[in-house]
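Spelled out, the chains give:
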Amino acid sequence: MNYRDDPAALGALVRDAEVHRDVYTDPGVFTLEMERLFAHTWIYVGHDSQVPKVGDYFGTTIGAQPVLMVRHDDETVHVLYNRCPHKGTRITTETCGNTGRFFRCPYHAWSFRTDGSPAALPLPSGYQNEAFVVSQAAQGLTPVRHVQNYRGFVFAKMSDAGPGFADYFGDSLSSIDNMVDRSPAGRLEVAGGVLRYMHNCNWKMLVENQTDTCHPMVAHMSSAGTAIDLWKQAGEQNPKPMAVEIYAPFMSPYEFYEKMGIRTWDNGHGHTGVHHSIHSNYSAVPGYFDQMVAAYGEARAKAILDENRHNTIYFPNLMVKGPIQLLRLFKPLAVDRTLVESWTFRLVDAPDFLLERTLVYNRLINAPTSVVGHDDVEMYERAQEGLKANGNQWVSLHRLFEPGEAAVSVDNGTTERQMRNQYRAWARYMAVAP
Ligand code: FES
Ligand SMILES: [Fe+2]
């Protein structure tokens, strides 16, 4: 099927409550996602604390595009395509570093300021011709068209199509706000490195899983369930180990997840954990509440800490977990290959114990060595294989479906409404040709 030339066929991949398997398996659909979905929407690039000093850069990708996030002389953060305007050479190959005031291409030494503008060329007299002067090459490193730094979280949109930042995210920014507000200083810093984990499956399977509340008690029985059994056998003496405190809520019954609630917003964003979540009952950290009260006053401090959202999806490929201070970025590499990055944050001016818990959580749940993570990856890879079966070409998203459902809602926490919300946005952004 050539979806590029057949908009009707592309649109028909998403029904009200099911999606065609080609959204996960067709390489042509994947290419169109890179050209359209990842160009017309706001994609998370990185956190500005990763580039604290002038000249610091961080190399990453937006969809399939190599980019650099860099701190310019005026302290603003810029996002540039990582490609020399001369012959196309990658400007940097390191994941991060400091370039000083200029980037210098290693091939012929063209150099550029950290906002991408051209700085110098060797033998410049050779370029005093009109054709060069008016060319794109003379402009330097191409900036990504739209960049927004929201409370340290840097997003970019490559295309002029698609909504502005505030319209795109709307009220969903409240989840980022809550994570940042949990710092008495109102500031986060990336800390503890990043965990990278390769998955042989389509990226959207991971995004769907973030609000799939009917799988933990089943798929994680062998890991989280075993941890709880061992704890029971040990006699449940106090204090409860941090690992048990983190694993145990995963095994909560369906009713817990039903009552937790799911909120959906327009443009494919949404979150689990409206009323409570698996993060609600972590032990108090000595001194932290007092620091929060000193910073915000008692009522506001309580309101911030009572918000225990579980997973917030920033469509298309970011998940933020406020109460445990981490985010996961699902980077599409191929139709059946996804790199997951899990980044952890320090709440500036909060007790170190919070970062310690964040790091333990990340290692237990998101690391390549995580026993819980292996449960999920096996399910995704089985699905990627199973979707080859021809008997049924559709994936079901019917749970608690209601015809004509609105984009913005709060529902029973076991609904698949957020997944349907994502696919409605997917179909909308895929329909806009570049
Ligand atoms: S390729 Fe970069 S200077 Fe020639
Ligand atoms: Fe899981």
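Residues numbered from 1 in each chain as written. Chains lettered and ligands numbered in written order. Predicted model: local features only at pLDDT ≥ 70, side-chain atom pairs only at ≥ 80, totals over all residues. Heavy atoms only, no water.

> Please clarify how the packing of helix α3 (residues 27-40) against helix α16 (residues 417-430) should be interpreted in this entry.
When two helices pack together, their arrangement is given by the angle between the helix axes and the distance between those axes. As a packed pair, α3 and α16 sit with axes 9 Å apart at the nearest point and diverge in direction by 90°. Considering their axes alone, α3 and α16 lie roughly perpendicular with respect to each other. Contacts between α3 and α16 pair V29, L32, E33, R36, L37 and H40 from the former with W426, Y429 and M430 from the latter. Of the residues contributing to the contact of α3 with α16, the split by class is six nonpolar, one polar and two charged. (Axes fitted to C-alpha atoms, helices over the stretch in contact; angles between N-to-C directions. Helix = DSSP H or I, 4+ residues; strand = E, 2+ residues; numbered from the N terminus. Parallel < 35°, antiparallel > 145°, perpendicular 65-115°, else oblique. Contact = heavy atoms within 4.5 Å. Nonpolar A, V, L, I, M, F, W, Y, C, P; charged D, E, K, R; others polar.)

> Would you explain the packing of aromatic side chains in this entry?
A full pass over the atoms with the stated rule returns 20 aromatic pairs. Aromatic pair F58 and W343: ring centres 5.8 Å apart, planes at 90°, arrangement edge-to-face. On the criterion of sequence distance, the pair formed by F58 in strand β3 (residues 56-62) and W343 in strand β18 (residues 337-347) is long-range, its members being 285 residues apart. Between F153 and F345 the ring centres are 5.7 Å apart and the planes differ by 35°, which places this aromatic pair in the tilted class. In this pair, F153 is assigned in strand β11 (residues 153-157) and F345 in strand β18, connecting sequence segments 192 residues apart. Overall, F345 belongs to the buried group, its relative accessible area being 0%. Grouped by ring-pair contacts, the aromatic residues W42, Y44, Y150, F153, F155, F165, Y168, F169, Y314, F345 and Y429 constitute a single cluster. Cation over ring: R15 sits above W394, and NZ or CZ is 3.5 Å from the ring centre. (Phe/Tyr/Trp six-rings, centres within 6.5 Å; stacked < 30°, edge-to-face > 60°. Buried < 20%, exposed > 50% of the residue type's maximum accessible area, 1.4 Å probe, protein only. Lys NZ or Arg CZ within 6 Å of the ring centre and 35° of its normal.)

> Looking at this structure, I do not really get the sheet that holds strand β8 (residues 111-113). What am I missing?
Neighbouring strands of a sheet are bound in pairs by backbone hydrogen bonds; such pairs are parallel or else antiparallel. The strand order β7-β8-β9 describes an open sheet built from three strands, whose pairing is antiparallel. Looking at which strands have only one partner, the edges of the open sheet turn out to be β7 (102-104) and β9 (118-120). Adjacent strand axes in the sheet meet at a mean angle of 35° when their direction is disregarded. Where β7 lies against β8, three bridges are found, and the strand directions are antiparallel. Bridging from a neighbouring strand, F103 pairs with F112 of β8. (Pairing = 2+ DSSP bridges.)

Keep in mind that these numbers describe shape and distance, not what the molecule does.
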